[in-house]
Amino acid sequence: MASVRLLVTRSGCTALKAITGHGQRSLSVSSAVLARTHVSYEVKDNVAVVRINDPTSKVNTLGRHMQAELVEVINEIWGNSAVKSAVLISSKPGSFIAGADLNMFQACKTAEEVSYLLQAGQKMFEQIEKSPIPFVAAINGSCLGGGLEFAIACQYRIATKSKKTILGTPEVMLGLLPGAGGTQRLPKMVGLPAAFDMMLTGRNIKADKAKKMGLVHQLVEPLGPGLKSAEERTIEYLEEVAVDFAKGLTGKKVTVEKKKGLMQKVQDFVMGLPPVRKQIYKTVHNKVMKQSKGLYPAPLKIIECVQTGIEKGNAAGYLSESENFGKLAMTSVSRALIGLFYGQVACKKNHFGQPEREVKKLAVLGAGLMGAGIAQVTIDKGVATILKDTTEEGLARGQQQVYKGLNDKTKKKSLTTFERDRIMSLLSGQLDYRGFENADMVIEAVFEDLSIKHKVVKEVEAVIPPHCIFATNTSALPIKDIAAASKRPEKLIGMHYFSPVDKMQLLEIITTSKTSKDTTASAVAVGLKQGKVIIVVGDGPGFYTTRCLAPMLAEAVRALQEGVGPKKLDSLTTGFGFPVGAATLADEVGIDVAAHVAEDLGKAFGTRFGGGNVEVLKMMVQKGFKGRKSGKGCYVYGAKSKEKKVNSGAEDILKSFKLTAPPAVSADEDIQYRLVSRFVNEAVLCLQEGILPDPVQGDIGAVFGLGFPPCLGGPFRFVDSYGADKLVQKMKHFEEAYGNQFTPCQLLLDHAKDSSKRFHK
Amino acid sequence: MSAPSKKTLAKPGVKNIVLVDGVRTPFLQSGTTYADLMPHDLARAALQGLLNRTGLPKDAVDYIVYGTVIQEVKTSNVAREAALGAGFSDKTPAHTVTMACISSNQAMTTAVGLIAAGQCDAVVAGGVEFMSDVPIRHSRKMRKTMLSLNKAKTLGARLSLLGSIRLAHLSPELPAVAEFSTAETMGHSADRLAAAFGVSRLEQDEFALRSHTLAKKAQDGGMLSDVISFKVPGRDIVSKDNGIRPATMEQLAKLKPAFIKPHGTVTAANSSFLTDGASAVLIMSEEKALAMGYKPKAYLRDFVYVSQDPKDQLLLGPTYATPKVLEKSGLTLNDIDVFEFHEAFAGQIMANLKAMESDWFAQTYMGRKTKVGAPPMEKFNTWGGSLSLGHPFAATGCRLVTTVAHRLQKEGGQYGLVAACAAGGQGHAMVIEAYPQ
């Protein structure tokens, strides 16, 4: 299996949902004439209840329109002497405010324009912070980015203890920073270490954790159904409780300040010492540099803003925040990350329509790492799944893997033991084909061997019902070759998962010319249910992902043969932004798998896939150096020491295959570009050949499946930002030394010739 | 009250099963006079009380079924231990059932089943709960070490096991009135339920006050004739429930919420309290009862058990069970003269009443066309309820049934309805028909 264990860190950002259509309306229209559409309020017992609800979207975002109405409403409230306090609440079930409207920033041409927008936001929140009447933020659902900054400008915060309630500052994941006072207020509210943690990781914080951190004052339990639906009643209840607290604040029955414990006092004292703070800035800075290799500017700017605010005061802090946000918004890194965010959203939709039948029962063949992983992500979404293997040992291992995956979640408290048991009850481990007659989809994850796959297709087709879809999880075998054994190729499709399945977000779906549209729709629907980000590509050796990876790994092997050590190779690739170094990646994928793929694709594509000698990999496999799974590959595994040791056995093999490095193309940067250009060229070729439907899916597949540097946004965005002409120049230079492995494909040449041609607008 | 002129609920081919009589020990707040007893002592008192009250020959009982919730591990089949101690024949088999707060309902319906199936003619059912002492256990780690210690053969092995004990191992495991599946305590769930149905604190306090006031009146008026006197070993004779405390609304309003703080509405005063107590009933086939010269108190008719979501509908059992059992009996809510619902929390009762009054709830969650309707308050728990009389989990069911029988006799009604909720999201209801006087 081409299983790639990567740490794609820039993922899962659901914040800053961008929406189109609104926010462009002119603000000069008089509010008296135009009824408010996003914000409304009513006064209950001297408490103004301000309700936010963007009618154009599923989530609330802070855009121009929303902001303008909010300012209006808040001014009206302040002007109303009967109002003694206010509650800010969203009428949407799953969203308080999910962040700022990204389109608003993207429409800006200059950093100054962005900064100006930010300053307006900062000003509004500052006014709320200094409001003569207390504001209570009643939070249910996502409270992210600008939404959280709004909430922390309020005097009091109450959140529902719902799974949907998450607080956080995910801006860093988009290459930005919390630009509406977040870098200034958060450190004061939760302390310097916690604030850095929030802003630098962008992690989502659940309500109960937020309470412990001091981010919210009170929690409200989500309610079940009563005389209204659970969701509706919970919001109503939250409002009732918030109104009570608002009254309490006015009547001084509720105090905003929490009594500080001894630990808190000690911590405050320590943080009050400038040398301590200095040390913290330094430590955090070093950590960021180590993890980001300096490729991501946003974390460093966040540290700078926090530091400025604390050391030089609010005014300087706010200024630094808005200016730095403006600068970040103009960086290619931020554009790349935002592009990925949009791409991810696009790849979480089913573009093939509603399948005729919902898959209610799934069967997985093969209880190996992949099969068990697929079973796990299926049952935890409530779909009954059969896990079939041929041996009891294999089955037991697979079932244990699923159990462990779920049980680890109970340890992290994201699942109760009871939920775990309920989920496990959906899994049926078996050695025979019992129950396959009711399966709606079968995903086979057996050994990558065409004759075995053929045998499985025939066996399964003999027992499944006519409507059942047969999906094959392969990383390189062309689907049409597997389908050759099928009596019903229209129901056959490729579903290429990445290992570990429960962690890796990508699913590559491969359709053949015979695959029906409904089969594709159904496979996408299942993948989406499993929580995957999906690209749908055409059939061919290695499809898209494996095909891009293979030339890069071939180049990596060549570099190793040329005497670049595994450690050096790793640091060169991570230094370019890959989350995992090339040598480590080969070990994770499995040297045997890499050898297999290199040979297969070598046969299919000829010398273009050459470079390193396949015999190196084969020899390593022969000696038992199959990578991490066998304990030895490029490195030696097993020892607990943090420092990875290079496998001397592998070094000996490399020496016996030693090549002389041509000095003209062997500088560090050359090696980096040799690796990357082959990856990118192959990706562009996939688009040229129609394997890839569009650049967006190409970028998403490369970043989420293979760990292409997120800061570059994927191979296509990289060509756009780096310049196709520059890349072609480099490749031609390499071509002189090595030959056709570096021949740029026609589409890349076209882009190089005409700089107005871009993959992304 | 309606005259007993309505049709009888007897069904052709189904045996008539009757409640001959029912008794209970006084229900006491846990940690009071019963504090030094064991659960089977209390159960024994109820069983002996039943024998005294009915004059039943000890060997005339075919079977004994008893309920309990928090088990004393030494007497895990508390039915057998109590029966032997109460002097029943050692030839009479006994088993213990558990179904949270409807355990003794389960004991009674088990008895009904045994008789209906023709396997028995006379069965004693009941339930006991003893909250003055609960099994507090060593931690799992400590238990594991201790069990391994039993198996350790050498001194060295024993010493090394002893040496592995850490301070953390010594922290005990306390039983909680919490759902295993959701880990939520019942009071917490009740508070959320009350909020879900928009039950105010005031409504809850008013209902609690009503329960205590009515209980006091019933106690003073001598209505609680099911209560037997019990000479507690080493202590005085107990003959009255001790949890009835009518207070003023102001006093009730002062209490802070007990579970959801600070904005919850369920308080100690509007919840049922931890109680020690036991109950017992004698159930027979009508034929046998008459042959033995008894004048039965009531027929036990249709019953149902229901279950639903243990998280958000934990305590809505009565809402689900009531329409179902009425349908089974061919009755409507208006036909019922006497309602006895288990009062776990005032908020829970009010929520159930609101749910029963809601067409939307009936349609959305129960798959019914219309609501069943809420019982009229003048027929509802008029002699107090679990909030005031106390709620020994597994003893409450028999109290409800006996009370319905007594109220039907006293008030001249014909049909009574018992309904109760239970942990696990379960519920029960039973229709009881007055025995012609």
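Only a predicted model underlies this, so the values are computations on that prediction, with no experimental measurement involved. (Residues numbered from 1 in each chain as written. Chains lettered and ligands numbered in written order. Predicted model: local features only at pLDDT ≥ 70, side-chain atom pairs only at ≥ 80, totals over all residues. Heavy atoms only, no water.)

**Q** Which residues make up the sheet that holds strand β6 (residues 142-144) of chain A, and what values do they have?
**A** Strands belonging to one sheet form pairs held by backbone hydrogen bonds; the direction of such a pair is parallel or antiparallel. Residues and elements named next belong to chain A. Read from one edge to the other, the open sheet built from four strands follows the order β4-β6-β8-β9, with strand pairing classed as mixed. The open sheet terminates on both sides in strands that have one partner only, identified here as β4 (95-97) and β9 (205-206). By the bridge criterion, two bridges tie β4 to β6 in an arrangement that is parallel. Looking at the pairing, Ser95 lines up with Ser142 of β6. Seen against the sheet, helix α4 (residues 146-153) touches β4, β6 and β8 (166-168) and runs at an angle of roughly 85° to β6. (Pairing = 2+ DSSP bridges. Helix = DSSP H or I, 4+ residues; strand = E, 2+ residues; numbered from the N terminus. Contact = heavy atoms within 4.5 Å. Axes fitted to C-alpha atoms, helices over the stretch in contact; angles between N-to-C directions.)

**Q** Quick one: what's the story with the packing of aromatic side chains, residue by residue and with numbers?
**A** Residue and element names in this part refer to chain A. According to the stated counting rule, one finds 29 aromatic pairs over all chains in the structure shown. Among the aromatic residues, ring-to-ring pairing joins Phe576, Phe578, Tyr673, Phe679, Phe708, Phe718 and Tyr722 into one connected group. For the cation-ring pair, Arg558 lies above Tyr738, with the distance from its terminal atom to the ring centre recorded as 3.7 Å. Across the ring face of Tyr673, the terminal group of Lys730 is positioned such that the distance to the ring centre comes to 4.9 Å. (Phe/Tyr/Trp six-rings, centres within 6.5 Å; stacked < 30°, edge-to-face > 60°. Lys NZ or Arg CZ within 6 Å of the ring centre and 35° of its normal.)

**Q** Tell me what's going on with the interface of chain A and chain B, and back it up with residues and numbers.
**A** Chain A puts 19 residues into the contact, and the matching count from chain B is 18 residues. The contact between chain A and chain B buries some 1,600 Å² in all, and 64% of this surface belongs to carbon and sulfur atoms. When the buried area of chain A at its contact with chain B is split by residue, A:Glu221, A:Pro225 and A:Leu227 rank highest and sum to 36% of it. Between the two partners, chain A and chain B, sit zero salt bridges. In this structure, the connection of chain A to chain B is made through four residue pairs in polar contact (both at pLDDT 80 or more). Looking at the side of chain A that touches chain B, the elements with two or more residues in it are β10 (218-220) and α8 (230-250) of chain A. Per element, the largest residue contribution to the side of chain A that touches chain B is five residues, and it comes from α8(A). (Buried area = accessible area lost by both parts, 1.4 Å probe. Salt bridge = Lys/Arg side-chain N within 4 Å of Asp/Glu carboxyl O. Polar contact = N/O pair within 3.5 Å; in protein donor to acceptor, adjacent residues only side chain to side chain.)

**Q** Which residues make up the pattern of salt bridges, and what are the values?
**A** One side chain can pair with another of opposite charge once the charged atoms of both are near each other. Evaluated as defined, the whole model comprises 61 salt bridges over all chains. Note that A:Asp668 and A:Lys568 form a salt bridge whose closest N and O atoms lie 2.8 Å from each other. Of this pair, A:Asp668 sits in helix α26 (residues 668-689) while A:Lys568 sits in helix α21 (residues 566-576), placing them 100 residues apart in sequence. Take A:Asp668: its relative accessible area is 37%, and that puts it in the partly exposed class. Taking relative accessible area as the criterion, A:Lys568 reaches 37% and is therefore assigned partly exposed. In this structure, B:Arg143 and B:Glu173 form a salt bridge, with 3.3 Å as the shortest nitrogen-oxygen distance. Pair noted here: B:Arg143 is in helix α4 (residues 140-151) and B:Glu173 is in the loop between α5 (155-163) and α6 (186-196), with a separation of 30 residues, a long-range link. (Buried < 20%, exposed > 50% of the residue type's maximum accessible area, 1.4 Å probe, protein only.)

**Q** An account of the UniProt feature "domain: Thiolase C-terminal" (unreviewed entry) in chain B is requested, with residue identities and associated values reported.
**A** As annotated in UniProt, the feature "domain: Thiolase C-terminal" (unreviewed entry) corresponds to residues 294-433 of chain B in the numbering used here. Structurally, residues 294-433 of chain B is divided into 36% helix and 21% strand, and its ends, taken at the C-alpha atoms, are 17 Å apart. (UniProt positions renumbered as here; feature names shortened; annotations may be inferred.)

**Q** For unusual backbone geometry, give the residues involved together with the corresponding values.
**A** Following A:Ser499, the chain continues into A:Pro500 via a peptide bond in cis, with omega recorded as -5°. Cis rather than trans, the peptide bond between B:Lys261 and B:Pro262 has omega equal to -5°. Considering the arrangement of structural elements, one finds B:Pro262 in the loop between α8 (249-254) and β8 (275-285). Here A:Lys413, not a glycine, exhibits a phi torsion of approximately 65°, which is positive. You can see A:Lys413 is positioned in the loop between α15 (392-411) and α16 (417-424). What makes A:Lys413 exposed here is its relative accessible area of 73%. Unlike most non-glycine residues, B:Ala183 shows phi in positive territory, near 65°. Examined against the element boundaries, B:Ala183 turns out to sit in the loop between α5 and α6. Overall, B:Ala183 belongs to the exposed group, its relative accessible area being 61%.

**Q** Help me get a handle on the UniProt feature "site: Important for long-chain enoyl-CoA hydratase activity" (unreviewed entry) in chain A, residues and values and all.
**A** Residue and element names in this part refer to chain A. The UniProt feature table records "site: Important for long-chain enoyl-CoA hydratase activity" (unreviewed entry) at Glu149 and Glu171. On the basis of their most widely separated C-alpha atoms, the annotated residues across 23 residues gather in one place, lying no more than 11.5 Å apart. The class for Glu149 is buried, based on a relative accessible area of 3%. Glu149 has contacts with Phe125, Glu171, Pro178, Gly179, Ala180, Gly181, Gly182 and Arg185, leaving out every residue within four places of it along the chain. Residue position: Glu171 is located in the loop between β8 and α5 (182-190). Owing to a relative accessible area of 3%, Glu171 belongs among the buried residues under this scheme.

**Q** Break down the UniProt feature "active site" (unreviewed entry) in chain A for me, citing the residues and quoting the values.
**A** All names here are of chain A. As annotated in UniProt, the feature "active site" (unreviewed entry) corresponds to Glu508 in the numbering used here. Tracing the sequence through the fold places Glu508 in strand β17 (residues 506-511). What Glu508 contacts, discounting residues up to four positions off in sequence, is Gly494, Met495, His496, Phe498, Ile535, Val537, Phe543, Tyr544 and Thr545.

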